[in-house]
Amino acid sequence: MKAVILAGGTGTRLKPLTGYLNKHMLPVGRYPMIHYAVAKMQEAGITEIMLITGRMAAGMFIQYLGSGEELGVSLTYRIQEEAGGIAQALDLAEPFVGSGEKFVLLLGDNLFEHSLRPYAQQYERQEAGAMVLLKQVEDPHRYGVPTFGHSEGGPIITRITEKPEHPDTDYSVTGIYFYDSAVFSLIGDLAPSQRGELEITDLNNAYAQRSLLSFATLEGWWADAGTFESLHEAAHQMLGNRSSDGETEQGEGTG
């Protein structure tokens, strides 16, 4: 299994810090945020990684991560020339993923405690479709919220509603997704949203409409480090949990 990490975006909620620095290079504990995304993949045994970012930030990632050798992975870089949404950025990874392959997509501002290895193994056993990781939260209206249903293979997600005023559940969709190679043809069928982007929620709903969207619940703590509050909480968690940054497996890495 390969991995795609998205590390673009403007980080508007973290201004003025992101006025001069890509948010994924902001320090979280001992390392830049992006360090943990790569370390989590390595720990899960996923070593072929494509990192997708914008032109202005690419040099920072290359300088810090290089080829990925020091973190035990092989990194490929791809530039998203213009902001067109998460699904549009993912579409750039089609040549890297290859035909018939499964992969994991991670939004680089998602920081979490538990290993991805058991979830990757669960998805490998899934014949087709996609799988998303969920987390129970106190404020689901801030996130994509799943509606659950059943199929012959077990519980599935029938729809994801983005930032609903009245959420069906207190579960949120995290920025950790598993896809088969059919995802790229589904991206080709998407229409831009009202803000002119190809949305990841629309992509996941395309799987859900086909009864092909499974899920698992992420264990341990999780943070979408897109605000100052969540960034502070993530730093606190990382400093208190040595294994979360992959240090026990990899030493000091590139830091």
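Remember, it's a predicted structure, so these values are computed and weren't measured experimentally.

## Description of the confidence of the model for the protein
Low pLDDT means the predicted coordinates in that region are not meant to be read closely.
Move 1: For the protein, per-residue confidence averages 87 on the pLDDT scale, and 83% of positions sit at 70 or higher.
Move 2: For residues 247-255, every residue scores under 50 in pLDDT, and the model assigns this stretch 25 contacts once sequence neighbours within four places are set aside.

## A word on helix α5 (residues 117-124)
Move 1: Where α5 is concerned, the buried positions are Tyr 119, Ala 120 and Tyr 123. Along the axis of α5, the buried positions cluster into a sector of 100°, meaning they face one direction only.
Move 2: Summarising the contacts, the buried residues of α5 are in contact with β6 (103-107), β8 (130-136), β11 (171-179) and β12 (213-217).

## Looking at the pairing of β8
Move 1: Burial analysis of β8 places 6 of its 7 residues in the buried class, the great majority of the element.
Move 2: In this sheet, β12 lies alongside β8 in parallel orientation, the contact comprising 5 bridges. Opposite Leu 133, over in β12, you have Ala 216 as the bridge partner.

## Here we look at helix α1 (residues 33-43)
For the α-helix, the turn length of 3.6 residues means that residues three or four positions removed from each other point alike.
Move 1: Of all 11 residues in α1, 9 are buried; the element is thus mostly enclosed.
Move 2: Taken together, the buried positions of α1 are Met 33, Ile 34, His 35, Tyr 36, Ala 37, Val 38, Ala 39, Lys 40 and Met 41.
Move 3: Taken from the residues just after α1, Gly 45 is the one with a positive phi, measuring 85°.

## Quick look at the packing of aromatic side chains
Move 1: With the rule as written, the count across this model stands at 9 aromatic pairs.
Move 2: On the numbers, 5.9 Å between centres and 10° between planes, the contact of Phe 103 with Phe 184 is stacked. Of this pair, Phe 103 sits in strand β6 while Phe 184 sits in helix α6 (residues 183-188); the two residues are 81 residues apart in sequence, bridging distant segments of the chain.
Move 3: Ring geometry for Phe 148 against Tyr 171: centres 6.1 Å apart, planes inclined by 85°, an arrangement best described as edge-to-face. Of the two residues, Phe 148 is situated in strand β9 (residues 144-151) and Tyr 171 in strand β11; the sequence distance between them amounts to 23 residues.
Move 4: Residue Phe 148 is classed as partly exposed on the basis of its relative accessible area of 35%.
Move 5: A relative accessible area of 23% places Tyr 171 in the partly exposed class.
Move 6: Among the aromatic residues, those joined into a ring-pair cluster are Phe 103, Tyr 177, Tyr 179, Phe 184 and Tyr 207.
Move 7: For Lys 102, the ring lying beneath its charged end belongs to Tyr 123, and the centroid distance is 4.7 Å.

How each quantity is defined
Residues numbered from 1 in each chain as written. Predicted model: local features only at pLDDT ≥ 70, side-chain atom pairs only at ≥ 80, totals over all residues. Heavy atoms only, no water. pLDDT = per-residue confidence, 0-100. Contact = heavy atoms within 4.5 Å. Buried < 20%, exposed > 50% of the residue type's maximum accessible area, 1.4 Å probe, protein only. Helix = DSSP H or I, 4+ residues; strand = E, 2+ residues; numbered from the N terminus. Arc of directions from axis to C-beta. Pairing = 2+ DSSP bridges. Phe/Tyr/Trp six-rings, centres within 6.5 Å; stacked < 30°, edge-to-face > 60°. Lys NZ or Arg CZ within 6 Å of the ring centre and 35° of its normal.

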